[in-house]
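# Notes for the structure review
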Amino acid sequence: RHCDEVGRDYDSIIKSTSIEDIVLVQQGETPEAAVERVHSATGVGFVGTPEALVERLRALAERGIDYVIVSFHRLAYDLEPLHRFADEVAPLVNS
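Below: a short report on this structure. (Residues numbered from 1 in each chain as written. Predicted model: local features only at pLDDT ≥ 70, side-chain atom pairs only at ≥ 80, totals over all residues. Heavy atoms only, no water.)

Let's shift gears to the nonpolar core. By size, the foremost hydrophobic cluster in this structure holds eleven residues: Ile19, Ile22, Leu24, Phe46, Leu53, Val54, Leu57, Leu60, Phe72, Phe85 and Val89. Looking at this core, the elements that each hand over two or more residues are strand E1 (16–24), helix H3 (50–62) and helix H4 (80–93). For this core, the element with the most residues is H3, which contributes four residues. Leaving out residues up to four positions away in the same chain, Leu57 has contacts with Ile19, Val68, Phe85, Val89 and Val93. (Core = buried A, V, L, I, M, F, W, Y, C linked by side-chain atoms within 4.5 Å. Buried < 20%, exposed > 50% of the residue type's maximum accessible area, 1.4 Å probe, protein only. Helix = DSSP H or I, 4+ residues; strand = E, 2+ residues; numbered from the N terminus. Contact = heavy atoms within 4.5 Å.)

Our next topic: the pattern of salt bridges. The full count for this structure, using the stated rule, is three salt bridges. The residue Arg84 makes a salt bridge to Glu80 at a minimum N-O spacing of 3.9 Å. Taken together, the residues Arg84 and Glu80, both in helix H4 and four residues apart, mark about one turn of the helix. The exposure class assigned to Arg84 is buried, which follows from its relative accessible area of 12%. Exposure remark for Glu80: the relative accessible area of 30% places this residue in the partly exposed category. A salt bridge links Glu88 to Arg84; its shortest N-O distance comes to 3.1 Å. On the criterion of helical spacing, the pair formed by Glu88 and Arg84 is a turn pair, its members being four residues apart in helix H4. Residues joined by salt bridges that share partners form a network here, namely Glu80, Arg84 and Glu88. (Salt bridge = Lys/Arg side-chain N within 4 Å of Asp/Glu carboxyl O.)

As structure tokens, this is what we get:
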């Protein structure tokens, strides 16, 4: 391991990742319709239910990720995805 070679404790490293352009599916909506709804020209990093996003975040934590940077498509124009994340995702990740 590189850390052993340079004399650094691996556990002292803060490990992060990001999930960009998250699209949370609305009730009764297909993932395809959700992607179409946001009109993303760059694609999406995650599309699914809040529960599926919680599973993804927990899986990252189990793999040793200390924090995740999240972003939402067109957030400057529509705060609804951020509010849904705060209300439907964040409380479940910490439970």
